[in-house]
Amino acid sequence: GRLFEVADGRIQISSNLGPEGEPIRGTAPAWRPNGRLTYVAGGALHEWPRGDVVLSQNDLAVAVRAHPGVPDSGRVRGVAVGETAWLAALSVPVEDSVEHLVAVFTGRRLDWVEFAGPRTLFDLRVSPAGRFFAVMAGSSFLLFDSRRGLLETPSRFESDIHALTWSPDEQWVAAAAGTSVYVFRPGDVARAQVLSIVASDLAWRGTAEPPPLTNATEARDWLGG
């Protein structure tokens, strides 16, 4: 029942009753699965309202330096968090050290990283149940499985992806590129369906639940028999 607004490095938390307290200094706010809000301040990840530290600046820097996938780890003096999102129990900070990178943490442990080079990372999006996520890198989305890392996207894209969403059950991805919308299963791009639709953004309507029994004619007839 809460929402947040971000402006000029401050975060205002509100509910349907109005603002809750004064704005706090911070960036990269994200809701945890338990409904609590996390945000970045002073280089560390905190939890509202008490400001408890979830990941300190030192936790982030130590994890990044220690990970075998980080080149020239001795040169990493600090880590700046650009955006965060929560995948069930996982936090996904978008980091900026020597290079821009996506990092998946479990607690204080860095599970894996994916480097984007000089491309700026922004617009971090998470699938409904937290299995997948995507982030804009330069002018196109990178698509990830939180357990396996970077996923392939269809090679037939007319141009860079500019909008992306998942079905409520996470079985399908819809991505808008150029003058088409591509619908495919995450990681399975060979059978992507192409819709001739020009879309500036996408949203998937519906739920992950099965259709009502009253609409399932075959099931109703079988039960009647």
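Just so it is clear, the model here is predicted, and its values are computed rather than measured.

## Side note on the sheet that holds strand 20 (residues 173-177)
Taken together, four strands build an open sheet; the order of strands is 19-20-21-22 and the sheet is antiparallel. The open sheet has two free edges, formed respectively by strand 19 (161-166) and strand 22 (188-195), since each of these has just one partner strand. Adjacent strand axes in the sheet meet at a mean angle of 25 degrees when their direction is disregarded. Bridging between strand 19 and strand 20 involves five bridges; their strand directions are antiparallel. Following the sheet pairing, Leu 164 is matched in strand 20 by Ala 175.

## Concerning the sheet that holds strand 5 (residues 27-31)
With respect to topology, four strands assemble into an open sheet ordered 5-6-7-8, the strand pairing being antiparallel. The open sheet terminates on both sides in strands that have one partner only, identified here as strand 5 and strand 8 (52-55). The average angle at which neighbouring strand axes cross in this sheet is 35 degrees, direction not considered. Examined bridge by bridge, strand 5 and strand 6 (residues 37-41) share three bridges and lie antiparallel to one another. Bridge assignment links Ala 30 to a residue of strand 6, and that residue is Thr 38.

## Some points on the pattern of salt bridges
If the charged atoms of two oppositely charged side chains come close together, the side chains can form a pair. Applying the stated criterion across every chain yields a total of 11 salt bridges. Ionic pairing is found between Asp 188 and Arg 191, a salt bridge with its closest N-O pair at 2.7 Å. What makes Arg 191 exposed here is its relative accessible area of 60%. Each of Arg 32, Arg 36 and Glu 47 takes part in one network of salt bridges that share partners.

## Considerations on the environment of Val 53
Residue position: Val 53 is located in strand 8. Note on Val 53: relative accessible area 44%, which makes it partly exposed. Note: C-alpha distance between Val 53 and Thr 38 (15 residues apart in sequence) is 9.2 Å. Setting aside anything within four residues of it in sequence, one finds Val 53 in contact with Ala 44, Leu 45 and His 46.

## Topic: the environment of Leu 142
Locating Leu 142 in the fold gives a position in strand 17 (residues 140-145). Each C-alpha atom, one on Leu 142 and one on Thr 153, is 8.3 Å from the other, the two residues being 11 residues apart in sequence. The contact partners of Leu 142, leaving out residues within four places of it in the chain, are Arg 119, Phe 133, Ala 134, Val 135, Ala 137 and Leu 150.

## Some thoughts on the confidence of the model for the chain
Confidence in the prediction of the chain, expressed as mean pLDDT, is 84, and 88% of residues score 70 or more. Looking over the chain, one finds the lowest element-wise mean pLDDT in strand 12 (residues 94-96), namely 63, and the highest in strand 4 (residues 24-25), namely 96.

## What to know about the nonpolar core
Buried together is how nonpolar side chains tend to be arranged in soluble globular proteins. With 19 residues, the main nonpolar core has Leu 60, Val 64, Val 79, Ala 103, Phe 105, Leu 110 and Val 113 as its most contacted residues. In terms of residues, this core owes the most to one element, helix 1 (residues 57-66), which gives four residues.

## Regarding the side chain of Glu 47
For Glu 47, the position within the fold is in strand 7 (residues 44-47). Polar side-chain contacts of Glu 47 include one of 3.4 Å to the side chain of Arg 36. Other than its neighbours up to four places away in sequence, Glu 47 contacts Arg 32, Arg 36, Leu 37, Thr 38, Tyr 39, Asp 52 and Val 54.

## Thoughts on the pairing of strand 15 (residues 121-126)
The pairing of strand 15 with strand 16 (residues 132-137) spans four bridges and is antiparallel. Opposite Phe 122, over in strand 16, you have Met 136 as the bridge partner. A loop of five residues connects strand 15 with strand 16, the two strands running antiparallel in sequence, and Gly 130 in this loop sits at a positive phi of about 85 degrees.

How each quantity is defined
Residue positions within a chain follow its written sequence, with the count starting from 1. Side-chain atom pairs in this predicted model are given and counted only at pLDDT of 80 or more, local residue features only at pLDDT of at least 70, and totals for whole chains, interfaces and linings cover all residues. Only hydrogens and water are set aside when side-chain values are computed; all heavy atoms of the structure are taken into account. If DSSP finds at least two bridges between two strands, the strands pair. Numbering of helices and strands runs from the N terminus; a helix is a DSSP stretch of H or I covering at least four residues, while a strand is a stretch of E covering at least two. Inter-axis angles, ranging from 0 to 180 degrees, are taken between N-to-C directions of lines fitted to C-alpha atoms, where helices are fitted over the stretch in contact. Salt-bridge detection follows one rule: a side-chain nitrogen of Lys or Arg within 4 Å of a carboxyl oxygen of Asp or Glu. The classification of residues rests on relative accessible area computed with a 1.4 Å probe and restricted to protein chains. Under 20% of the type maximum is buried, over 50% is exposed, and intermediate values are partly exposed. Contacts were defined at the residue level, with two residues in contact if any of their heavy atoms lie within 4.5 Å. pLDDT measures the predictor's confidence residue by residue and takes values from 0 up to 100. Here, nonpolar core refers to any group of buried Ala, Val, Leu, Ile, Met, Phe, Trp, Tyr and Cys residues whose side-chain atoms link them within 4.5 Å. Polar contacts, as used here, are pairs of N or O atoms within 3.5 Å; protein pairs need one atom able to donate a hydrogen and one able to accept it. Residues neighboring in sequence count only if both atoms are side-chain atoms.

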